[in-house]
Each structure stands twice: as C-alpha cells, then as structure tokens.
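Here is what each chain is made of, one letter per residue.
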Amino acid sequence: MFETNNLIIEEEEYPQPLHHIDTPFERATFGMGCFWGIDSLFGATQGVLRTRVGYTGGTTSNPIYKDLGDHTEVIEIHYDPKRITYNQLLELFWNNHEYGLCTKIKRQYASLIVYHTDEQKKIAEESLAYEREQRAPEHITTEILPCDIFYPAEDYHQKYRLQSHKELTQSLGMDSRLLQTSHVAARLNGYLVGVGGVAQYLKEAKNLGLTPEQQEYVRKFVEENEGGGLFC
C-alpha cells in the first residue's frame, strides 16, 4: 500500500513493480570514489539492468564498511550489450569521478576498473592509454585489475537515494535481496536524483510496473533534480 496526498492505493489493483528482468547481460565493475552517486548514475543509464555496490580489489577477508582493509568501494553493473557497450560505460567512468581520478587518495575511494573478460581488459587498457594522452600533464591514478571476490556492501548502502524515500521503498516491497537485484530499484535510484531526465523517465515509467501515484511521485523529483550533480 502506498500513501500519497492522503490517498491510499492498494497495490494489487496495478501491475507489480518490475523487479526481475531476464535479458541476457554482461558485467562491468568500477571504483570511482564514493559509491552512492555512481549507483544512481549507472542505475538510470539506458541499457543498465541492475546494479549493486560493494567492495573488491583487496586481500582482507569479509570486509565491512568500517573495516575495509585494502579493498575499494565499487559498483557492479549488469548491462545489456545490445543497448550499451563497454566503451560507453567507460566513457561514463572517466567523466564522473567525484574525486580520485587524478589525485592520490586512500584505497577505499580509489579509481579502479575491474575486468571480467580478456576483451574488457583490452578495451580498458586502450581506454586508459587514450585518457592519459588526453589529460596530460595530469596523472591518472586508475588501476586495472582482474575480477576477484565481490563483497556486497551493507543493505543501507544499496540504492541509497531510493531508500531515503521510505514510503516509496516500502510500497515497492524492497528487501535485502531486491536492493541488490531489482531492476526498478536501480532505475528509480537514479531517476529520483534527476539522472536521465524527465523525457527519458516518462518514456520508461509505464513499463516499470508503477502505480500512477508512484509514477507521479517520482516524476516530481526527476523534474526537480534534473541537471544537478551527483555527490555523496
């Protein structure tokens, strides 16, 4: 049940939220500083199916936020390669660091590309070489590492912006599992802070299984926040 403007809407009257989507996907993993902002950035990017944030790149067993050891905050992205390419994801990677791309920073917020295939490694290395040339004399700090164990971050980090809208989150039936796997959660986590913009949101909203009231609630925030920056 979702309450807005003193109206109570029974969810069963409408299609269920689109949590699960069976589109074949590939993975991409990036560290770009704090992971709250980039979770929103990629979540509402066209062609992205799911996101989750976590820790990787280090040797410490079972890291947690308050004791990361030598791990880095990262986002794992499931994307449809027919709709968005790895190179396009890398373009977002290079141009949306909050900090750390050209500044030495603690390991937690390091600039990191984790590759999942030999092809991703090749593309990432070529992309890094190009960026170094374009940004000279600045020194890019980005590391490229092979895929290793991914440790999901604590629940309160997952879809952080969406979770700040408690009634909406509850009306979507979010739980610990869906915070990491839900398609609609990834999309709304970005749209609520303006990623993608109003036109893109309106084109997609009816396909996300939202009630009319949920659609309108989100639209107001997309409109209000469109064009704003993404910061933690």
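Keep in mind that what you see is a predicted model, and the values were worked out from it rather than measured.

Asks: Let's hear about the overall build of the chain: which residues, and what values?
Replies: Broken down by element type, the chain carries nine helices and eight strands. For 232 residues, the compact-globule estimate of 2.2 N^0.38 gives 17 Å, and the chain sits close to it at 18 Å. The principal-axis extent of the C-alpha atoms belonging to the chain is close to 55 × 35 × 30 Å. Out of the 232 residues in the chain, the part that is buried amounts to 50%. Residue pairs in contact within the chain that sit at least 24 positions apart in sequence constitute 75% of those at least 6 positions apart. If you sum the accessible surface of the chain, you get close to 11600 Å²; carbon and sulfur atoms cover 49% of it. If you average the places of the 22 positive and of the 34 negative side-chain charges in the chain, the two averages end up 3 Å apart.

Asks: Describe the UniProt feature "domain: Selenoprotein methionine sulfoxide reductase A helical" (unreviewed entry) in the chain, listing the residues and the values that go with them.
Replies: Per the UniProt annotation, the sites labelled "domain: Selenoprotein methionine sulfoxide reductase A helical" (unreviewed entry) are residues 177-223. Segment residues 177-223 splits into 72% helix and 0% strand. End C-alpha atoms: 29 Å apart.

Asks: Could you give an account of the nonpolar core, naming the residues involved and the relevant values?
Replies: Ranked by size, the top nonpolar core spans 31 residues in total, and within it Phe30, Phe42 and Tyr86 carry the most contacts. Elements represented by at least two residues in this core include exactly β3 (26-32), α1 (35-43), β4 (48-56), β5 (72-79), α2 (86-95) and α3 (118-135). Ignoring sequence-local partners within four residues, the contact set of Phe42 consists of Phe30, Met32, Val48, Thr51, Ile75, Ile77, Leu89, Leu92 and Phe93. Residues Val195, Leu208, Leu210 and Val218 belong to the second largest nonpolar core, which totals 21 residues.

Asks: Explain the sheet that holds β4 residue by residue, including any values.
Replies: Spatial ordering of the open sheet is given by β7-β6-β3-β5-β4-β8, a layout of six strands whose pairing is mixed. Across the chains shown, the open sheet's two edge strands, defined by having one partner strand only, are β7 (143-146) and β8 (151-152). By the bridge criterion, four bridges tie β3 to strand β6 (residues 111-115) in an arrangement that is antiparallel. From the neighbouring strand, Gly31 faces β6, where its bridge partner is Leu112. Along the sheet face, α2 touches β3, β4, β5 and β6 and points at about 15 degrees away from the line of β3.

Asks: Break down the packing of aromatic side chains for me, citing the residues and quoting the values.
Replies: What the rule picks out here adds up to nine aromatic pairs. Judged by centre distance (3.6 Å) and plane angle (5 degrees), the ring pair of Trp36 and Tyr160 falls under stacked. Of this pair, Trp36 sits in helix α1 while Tyr160 sits in helix α4 (residues 160-163); the two residues are 124 residues apart in sequence, bridging distant segments of the chain. When its relative accessible area of 17% is taken as the criterion, Trp36 is described as buried. Classification of Tyr160 by relative accessible area gives partly exposed; the value is 30%. Note on Tyr191 and Tyr201: the rings are 5.2 Å apart at their centroids and 65 degrees apart in plane angle, and the pair reads as edge-to-face.

Asks: Tell me what's going on with the pairing of β7, and back it up with residues and numbers.
Replies: Where β6 and β7 come together, four bridges link them in parallel fashion. By the bridge assignment, Ile113 is partnered in β7 with Ile144. Where the polypeptide runs from β6 across α3 and back to β7, its parallel neighbour, the crossover connection is right-handed.

Asks: Kindly report on helix α9 (residues 212-225), identifying the contributing residues and their values.
Replies: With 14 residues, α9 should reach 20 Å at 1.5 Å per residue; the first-to-last C-alpha distance of 20 Å fits that figure. Looking one or two residues beyond α9, the residue adopting positive phi is Gly227, at roughly 85 degrees.

Asks: Break down the state of the cysteines for me, citing the residues and quoting the values.
Replies: Applying the stated criterion across every chain, the model contains one disulfide. Note that Cys34 is cross-linked by a disulfide to Cys232, the S-S spacing being 2.1 Å. Measuring the twist about the S-S bond at about -105 degrees, one finds the Cys34-Cys232 disulfide to be left-handed. Note that Cys34 is positioned in the loop between β3 and α1 and Cys232 in the segment after α9, a separation of 198 residues in sequence. For Cys102, which is in no disulfide, the shortest distance to another cysteine sulfur is to Cys232 and amounts to 18 Å. In this structure Cys102 comes out as partly exposed when scored by relative accessible area, which is 26%.

The rules we used
Residues numbered from 1 in each chain as written. Predicted model: local features only at pLDDT ≥ 70, side-chain atom pairs only at ≥ 80, totals over all residues. Heavy atoms only, no water. Helix = DSSP H or I, 4+ residues; strand = E, 2+ residues; numbered from the N terminus. Rg over C-alpha atoms; globule rule 2.2 N^0.38 Å. Buried < 20%, exposed > 50% of the residue type's maximum accessible area, 1.4 Å probe, protein only. Contact = heavy atoms within 4.5 Å. Areas by Shrake-Rupley, 256 points an atom, 1.4 Å probe, with all protein chains shown as cover. Lys, Arg positive; Asp, Glu negative; His and termini not counted. Charge placed at Lys NZ, Arg CZ, Asp CG, Glu CD. UniProt positions renumbered as here; feature names shortened; annotations may be inferred. Core = buried A, V, L, I, M, F, W, Y, C linked by side-chain atoms within 4.5 Å. Pairing = 2+ DSSP bridges. Axes fitted to C-alpha atoms, helices over the stretch in contact; angles between N-to-C directions. Phe/Tyr/Trp six-rings, centres within 6.5 Å; stacked < 30°, edge-to-face > 60°. Right-handed = clockwise from strand over helix to strand, strands pointing away. Expected span 1.5 Å × (residues − 1). Disulfide = S-S within 2.5 Å.

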